[in-house]
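Notes for the structure review
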Amino acid sequence: MHVVIIGNGIAGITAARELRKRSDCRITVISKETDYFFSRTALMYMYMGHLKFEHTQPYENWFWQKNKIELVRGMIESVDFAQRKLFLSADSQTVVYQPTLLERLTKVASKPATSASQVRDLSYDKLIIATGSVPRFGDWPNTHLDGVQGLYSFQDLEKLERSSAGVKQAVVVGGGLIGVELAEMLHSRGIHVTMLVRESSYWSSVLAPEESALVTQHVQKHGINLRFGCELAKIQGTQKVERVITSQGETIDCQLIGISIGVEPNIDFLRTTSLETQRGILVNEYLETNLPNVYAVGDCVEHRIPPQGRKSVEQIWYTGRIMGETVAQTIGGQRTPYRPGVFFNSAKFFDLEYQTYGDVPAQCPDGIQTFYWQHPSKEIAIRINYRQDTQAVTGFNALGTRLRHATCDAWIRQQRSLDYVLEHFQEADFNPEFFEKLRLSH
Amino acid sequence: MAFLSRLGLYLLLAGFGLWLYTLTLNEFTLTPTLISSQLKPEHQATLGVRLQPLVQKTFQSGWEFTYAFDTILNNLNNEYRTAQQWDKVIYDEYSFAITKAAASGSLKQQPWLWFGLTFGLIVVGALLFILPALTQLAGNKNNGIFHDASTNRGWIAKIIGAFLILFYITLYYYPQYLANWTMLVDPISKALNGAEASRWFLYGFIYTVCVLVMGVRMAIKYRHNRYQQVRTASVVFFQTAVAFLLPEILVSLNKPYFDFKNIWPLDYDFFFDYNLNSLLQSGNLGIFMLVWGIALFVVGVPILTYFFGKRWYCSWVCGCGGLAETLGDPYRQLSDKSLAAWKIERYLVHAVLGAAVVMTVMVLYTYFSGSSSVLFIDSYSVRSLYGFWIGGIFAGVVGTGLYPMMGNRVWCRFGCPLAAYLGMWQRKKSRFRITTNGGQCISCGNCSTYCEMGIDVRAYAQRGQDIVRSSCVGCGICSAVCPRGVLNLENASENSRVMVAPEVLLGNK
Ligand SMILES: Cc1cc2nc3c(=O)[nH]c(=O)nc-3n(C[C@H](O)[C@H](O)[C@H](O)COP(=O)(O)OP(=O)(O)OC[C@H]3O[C@@H](n4cnc5c(N)ncnc54)[C@H](O)[C@@H]3O)c2cc1C
Ligand code: SF4
Ligand code: SF4
C-alpha cells in the first residue's frame, strides 16, 4: 500500500509518523514549502533572532530516511482521483539527506542508497490531503505593491526579511493572533507599528471584555499603536507602499503593510475536481472525504458535522495534530472517529501568556455564568465559566499565569462545581516554583 | 539609557585594555638577596650560580625577565637530563615566585590604583552596561540572539573564545607570565589570608567577580521569574561565600584550605595524599572535613537528588555550574541538540566517571600500601595524567574556553564525573521531572534551543511525555522561555513521572 500525503505541516507529518508506527506501508510526503517539516508557529522567533531555521525543525534531517518516510519537494498541480494519480510541478524532486560525518560515525544515520531524482507524477492507494491554509488578503486595490504581505509560509518570512529592511513605520491590518505576532516581530527590529483593528478592542471576537482590555493595555504598553474600530480603506504608493488611508479617513505613512485578517483553507487546486468542498474539504467524522481512499486533515478541513461545541473549520496547531493521529489509526486498520475532546488553545501576546480550556466565548451564553478574578497589581487574570443550573465548570481562561492542562480537562469532563474548583485551585497551578500562589475567591 | 549602556561598554573595554596593559608594567631585577631567599639551599650552588648573569640586570618587561629565567633553568635541567642525573632535575615552580618578587614599579607600589583602573573599570562598566535593562519591560529577552556576532558564533565570540583559551593555558601551565596580574589582587589576598596572591587566588577572584556581575545580569534578565532569581542568588552565594571567601579565611586561621561544597569526583584531588594528610593533621576540624567530604557523595547526593533532582547541586550550588549559569548564560543556545551529540555525551561522561574512580582507587591504594605501582602502573603518573587532561584541559581550557562556540555546559555535559554520578540517581531514583502540560506544546523549539545541556526538550514535550533525563541540571530556562506554558520543574511521587508518551495526545476521549 502506498499512502501519499500532500503537505508536510503538523497534520500531514503527524499522520505520516503515526502511520509508520502502525504500518509498514510505503509513505510519501509532498510539500512545496520546505524540504523538511518545520514549526510554522515559530516563524516569529526566527525573525526576532531567538531561533534559527534548524531549531524550528522538530526532527533532525536524517529522521525521515531512517523511518522510511519518503519526502518530495514540489507542488501538486492537479489530481486525477479516478486514476489515483497526482501530477507535480516540473521542479519536483525527491529529498535525499546526506548525513554528516559525525552522524555516520555515531551510527545515527547511514549513507542514502539513492540520490535525489525528479518526480512528475505519483500514484497512491490512499491519499491524505493536508494542505493547510493561505492568508486571506481582502480585495483592496494595490495589494500587489512591494511591501504588502501576509505571514504564513517560510517564503513569507523570507519576503518579510527583505521588505522590512530599512523600514521605519509599518501598519498591521487585523487584530488576531498572527497580527499581534507580526506587530511584535516588526517592533523587535525598531519599526514603529500601528495596528488597525476592526473591533472596538483587541481580539474581542474571542476574548471577553476584561481579558481583551488587559491584552490591549499590555500590547500598548509595549509600544504598539492600536487603532480600534478602524479598517484599512486604501493602500497608496507607486511601486512600494507609501501610506494607508483608514476607514476613519486618517493617513498613516508606512513602508510595510502586514495583512493578517485570517486564513482560508488552501484548496484552490482541488476546486474543480470531484472532491466535495465548501470553505474547506468536507469530511465526515472519520476524516473521510466524499471520494474513496481520500482523507483530509488539518487546516484545510471542513467538518460536515463538527464535533460538539466545535467550529466546522478550526485552524489551529493542536487540531491538526489530533486529526493526523486519528487518520493514521484509521488508515492503519482501526477506523477511528475524530473526537478532539475538551477544547484547548494558547497564545502569547508579547510577554503575556494566555491559555484556555473548554468553552469561554466572548459573550457568556444563556445558562452560563462567569467567575472572573484579576490580580490587584499584576497582569494576571483568570476566568472560569460554569453552568447556572449545576454549577459545573465549562471553561477556563488564564492570562499571565499557567494552568495544568490535565487538571482543567478533568474538571470540565467531570463537571466539577465552581466551589470545588476554587477550593482545589492550587492543583491546577502550573507556575514554576517560588511563583506567587494565586488565591481565588468569590 | 542607551547612552549609559554604551558608556558602560566603553568603560568595560577601556578597563579590559588597561588590564592587558598592566602585563607590561613594572621592571624586574634579580638581586642576590632574592636568590638566597627564594631558592632552596640545595639549589643555591647550582641554579643560584647559573643565575648570576641576570643579577642586577634590570628588565623592562616581566615576560623578558621570565623568559630569561626560564631559559637558564631549562638549560640547566637539560644538562642534568643529558647526563642522566635525574635526581638533580629541578621541578620546583620558581619561575612565578621569583618573577613576582623581582618586580618593582608602579603596579607593585600602587596596586589599588591599578586595581581600580582595571577590575574597577571593568565592573563599573559592566554594571552600567547591564543595569539599564531595568528600564525595559520584564519578559524573555532573546531578541537578536542569533543575529549577534557575540552570541551566534560570530567574530566577537571567536575573539572571546580565543582569549579564554589563551588565558586558561597561561594560567594553568605558564602562570609566571601572569605575575603582574596577581599583583593587582595582592592587597585583597593579604587582607583575606595574609599572603600575596597566588595564581589560584587571582583565578578565584576573577571567577567570583564574573559570577557576581553576571549574576546581577541574570537576576535582572529574569526578574519576572522567581525561580531564576532565587537560583541565581544561590549560585552567587555559594561561589562568593563558600568557594571563595571561606577557604581563604580558613587559611588565615591556619586551617586547611577547604571548599565545603566541592564534591568528589569533581573534586578529584580530595583523596590525594597531600589533601588527606593535611586534613588528618588538622585536628577535629580536619576530621570533620574528611567525613563531610565523604558523606556528601555517599549520602548527600542520593538523598538530595531523590528529593530535588540533581539541580540541587548543578544549578544551585556548584561552582562550574555557577559560572555556566551567569557568565555562560549568553551562550546557552549554542549547545548541540543532535542525537549524535547525545550519544557522544553518554560515552564520554561515563568514561570520565570511570577514569576518576579508577584513578582514585589507585591513589588510595598507594596511600595505604605505600607502593606507588598498582599492577605495574604508576599511580602518580595516572593521577597527573588525569589532572592534566581532565582537570585542566577538559574542565578549564575546553570547558570554559568553548563557551562562545559550544555553549556554557560543555564540561558539565560531556566531562563532569560528578554530573554523571548525580545523573544516575536523578534518572533512576528521584522525584524530580519536568512535567509536560498536556497537549499545549506547539513544537516551536524554544525549549530545546535554550537548553544548555543540549536536551531535545521538545521531543518529549510535543509527545506529552515528562522530561526525565540524567543530564538535566534543572536550570529551568526551558520552562521560562516556553511561550505556551508547557514545562514545569516539579518534585512529586516517583511513580507519577510520565515516562511513556500517551497513545493519543488528549484527543479522542
Ligand atoms: C505565524 C503563525 C503562528 C501560528 N501560531 C499558532 C499557535 O500559536 N497555536 C496554534 O494552535 N496555531 C498557530 N498557528 C496556526 C497553525 O500553524 C496551523 O493551524 C497549522 O500549521 C496547520 O497545519 P497543517 O498541517 O494543517 O497545514 P500547514 O502547516 O499549512 O502545512 C501545509 C503544507 O502543505 C503544503 N502544500 C499546500 N498545497 C500544496 C500543494 N498543492 N502541493 C504541495 N504542497 C502543498 C504547504 O506548502 C504547507 O507546507 C499559527 C500560524 C501562523 C502562520
Ligand atoms: S531540560 Fe530544561 S531545566 Fe533541564 S537543563 Fe535543559 S533547559 Fe535546564
Ligand atoms: S518551548 Fe514550549 S511550546 Fe515550544 S517546543 Fe518547547 S515545550 Fe513546546
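Basis of the calculations
Residues numbered from 1 in each chain as written. Chains lettered and ligands numbered in written order. Predicted model: local features only at pLDDT ≥ 70, side-chain atom pairs only at ≥ 80, totals over all residues. Heavy atoms only, no water. Helix = DSSP H or I, 4+ residues; strand = E, 2+ residues; numbered from the N terminus. Buried < 20%, exposed > 50% of the residue type's maximum accessible area, 1.4 Å probe, protein only. Contact = heavy atoms within 4.5 Å. Areas by Shrake-Rupley, 256 points an atom, 1.4 Å probe, with all protein chains shown as cover. Lys, Arg positive; Asp, Glu negative; His and termini not counted. Charge placed at Lys NZ, Arg CZ, Asp CG, Glu CD. Axes fitted to C-alpha atoms, helices over the stretch in contact; angles between N-to-C directions. Parallel < 35°, antiparallel > 145°, perpendicular 65-115°, else oblique. Nonpolar A, V, L, I, M, F, W, Y, C, P; charged D, E, K, R; others polar. Near = heavy atom within 4 Å. Polar contact = N/O pair within 3.5 Å; in protein donor to acceptor, adjacent residues only side chain to side chain. Domains from an automatic or database assignment. Phe/Tyr/Trp six-rings, centres within 6.5 Å; stacked < 30°, edge-to-face > 60°. Lys NZ or Arg CZ within 6 Å of the ring centre and 35° of its normal. Left-handed = near helix turned anticlockwise from the far one by under 90°. Pairing = 2+ DSSP bridges. Right-handed = clockwise from strand over helix to strand, strands pointing away. Buried area = accessible area lost by both parts, 1.4 Å probe. Salt bridge = Lys/Arg side-chain N within 4 Å of Asp/Glu carboxyl O.

Next up on the list: the overall build of chain A. The helix and strand inventory of chain A stands at 10 helices and 26 strands. Taken along its principal axes, the extent of the C-alpha atoms in chain A is 65 × 60 × 50 Å. For chain A, with 442 residues in total, the buried portion stands at 57%. Expressed as a percentage of contacts within chain A between residues at least 6 apart in sequence, the contacts between residues at least 24 apart total 61%. Looking at chain A as shown, the accessible area adds up to about 18400 Å², and 48% of this sits on carbon and sulfur atoms. Placing the 47 positive and 49 negative side-chain charges of chain A at their respective mean positions leaves the two points 5 Å apart.

Below, the discussion takes up the packing of helix H14 (residues 273–280) of chain B against helix H15 (residues 283–308) of chain B. Residue and element names in this part refer to chain B. Where H14 contacts H15, the two axes come as close as 7 Å, and the packing angle between them is 135 degrees. Overall, the two elements H14 and H15 adopt an arrangement that is oblique. Contacts between H14 and H15 involve Leu276, Leu279 and Leu280 from the first element and Gly283, Gly286, Ile287, Met289 and Leu290 from the second. Of the residues contributing to the contact of H14 with H15, the split by class is 6 nonpolar, 2 polar and no charged.

The environment of ligand 1 is made up of 32 residues, and the closest members are Glu33, Ile76, Tyr152 and Asp299 of chain A together with Arg484 of chain B. Those chains with residues close to ligand 1 are chains A and B. Between ligand 1 and Ser31 of chain A there is a distance of 3.5 Å, counted from an oxygen atom to a side-chain nitrogen or oxygen. Relative to its unbound accessible area of 1000 Å², ligand 1 is 95% covered by the protein chains. Those elements that place two or more of their residues in the shell around ligand 1 are helix H1 (10–22), helix H6 (177–188) and helix H8 (317–331) of chain A. Of the residues that constitute the shell around ligand 1, the class distribution is 13 nonpolar, 13 polar and 6 charged. For the shell around ligand 1, the two domains that each supply at least three residues are domain 1 (2–133 + 264–331) and domain 2 (137–261) of chain A.

What follows covers the packing of aromatic side chains. Taken as a whole, this structure holds 64 aromatic pairs over all chains when the rule is applied. Between Tyr172 of chain B and Trp200 of chain B the ring centres are 5.7 Å apart and the planes differ by 55 degrees, which places this aromatic pair in the tilted class. Linking Tyr172 of chain B in helix H9 (residues 155–173) with Trp200 of chain B in helix H12 (residues 199–221), this pair joins segments that are 28 residues apart in sequence. Taking 5.0 Å as the distance between ring centres and 50 degrees as the angle between the ring planes, the aromatic pair formed by Tyr173 of chain B and Phe388 of chain B counts as tilted. Of this pair, Tyr173 of chain B sits in helix H9 while Phe388 of chain B sits in helix H19 (residues 379–401); the two residues are 215 residues apart in sequence, bridging distant segments of the chain. Note on Tyr173 of chain B: relative accessible area 26%, which makes it partly exposed. Given a relative accessible area of 34%, Phe388 of chain B falls into the partly exposed group. Between the NZ or CZ atom of Arg189 of chain A and the centre of the ring of Tyr47 of chain A, over which it lies, the distance is 3.8 Å.

We now examine the packing of H9 of chain B against H19 of chain B. Residues and elements named next belong to chain B. Look at H9 against H19: their axes get within 8 Å of each other, and the N-to-C directions meet at 155 degrees. With respect to their mutual orientation, H9 and H19 come out roughly antiparallel. Between H9 and H19 the crossing geometry is right-handed. Here H9 contributes Gly161, Leu164, Ile165, Tyr168, Ile169, Tyr172 and Tyr173 to the contact with H19, which in turn contributes Phe388, Gly391, Gly392, Ile393, Gly396, Val397, Thr400 and Gly401.

As a further point, take the site of ligand 3. Taken together, 13 residues lie near ligand 3, and Cys441, Cys444, Gly445, Cys447 and Cys482 of chain B sit nearest. The set of elements that each furnish at least two residues to the shell around ligand 3 consists of helix H23 (446–450) and helix H24 (457–461) of chain B.

This paragraph deals with the environment of Glu181 of chain A. The topology assignment puts Glu181 of chain A in helix H6. Placed 166 residues apart in sequence, Glu181 of chain A and Ala347 of chain A show a C-alpha to C-alpha distance of 9.7 Å. Once you skip the residues sitting within four places of it in the chain, Glu181 of chain A turns out to touch Met44 of chain A together with Arg484 of chain B.

This part takes up the pairing of strand S1 (residues 2–6) of chain A. Residues and elements named next belong to chain A. When you tally the buried positions in S1, you get 5 out of 5 residues, the bulk of the element. Burial of S1 is two-sided: the residues His2, Val4 and Ile6 facing one way and the residues Val3 and Ile5 facing the other way are all buried. Taken together, the 5 bridges between S1 and strand S2 (residues 26–31) define a ladder with parallel strand orientation. Bridge pairing links His2 to Arg26 in S2. For the crossover from S1 across H1 to S2, the handedness is right-handed.

Of the residues lining the interface, 61 residues belong to chain B; the matching set on chain A comes to 64 residues. Taking both partners together, chain B and chain A bury about 4900 Å²; carbon and sulfur atoms supply 47% of that area. Salt-bridge contacts for Glu490 of chain B lead to Arg404 of chain A; the nearest nitrogen and oxygen are separated by 2.5 Å. Only helix H13 (226–252), helix H18 (339–369), strand S6 (432–436), H23, helix H25 (477–481) and strand S7 (487–491) of chain B provide two or more residues apiece to the side of chain B that touches chain A. With 5 residues, the single largest contributor to the side of chain B that touches chain A is S7 of chain B. Taken together, the residues of the side of chain B that touches chain A sort by class into 23 nonpolar, 27 polar and 11 charged.

The next subject is the side chain of His43 of chain B. Inspection of the secondary structure puts His43 of chain B in helix H3 (residues 41–44). Here His43 of chain B falls in the buried class, since its relative accessible area comes to 9%.

Turning to the sheet that holds strand S13 (residues 225–228) of chain A, a few remarks are in order. Residues and elements named next belong to chain A. The parallel open sheet is built from 5 strands, whose spatial order is S10-S17-S11-S12-S13. What marks the edges here is a single partner per strand, and that holds for strand S10 (148–149) and S13. Taken strand by strand, H6 contacts strand S11 (169–173), strand S12 (192–197) and strand S17 (256–259), and its axis lies near 165 degrees from that of S12.

Turning next to the domain arrangement of chain A. All names here are of chain A. For chain A, the assigned domains read domain 1 (2–133 + 264–331), domain 2 (137–261) and domain 3 (344–428). Between the C-alpha centres of domain 2 and domain 3 there is a distance of 30 Å. Contacts between the two partners involve 22 residues from domain 2 and, on the opposite side, 16 residues from domain 3. Together, the buried faces of domain 2 and domain 3 total about 1800 Å²; carbon and sulfur atoms form 66% of this surface. The three residues of domain 2 that bury the most area against domain 3 are Glu211, Leu214 and His218, which together make up 35% of that side's buried surface. Put simply, domain 2 and domain 3 have 3 salt bridges between them. Across the contact surface, domain 2 and domain 3 share 11 residue pairs in polar contact (both at pLDDT 80 or more). Secondary-structure elements contributing two or more residues to the side of domain 2 that touches domain 3 are H6 and helix H7 (209–221). Ranked by residues supplied to the side of domain 2 that touches domain 3, first place goes to H7 with 8 residues. Taken together, the residues that form the side of domain 2 that touches domain 3 break down as 13 nonpolar, 5 polar and 4 charged.

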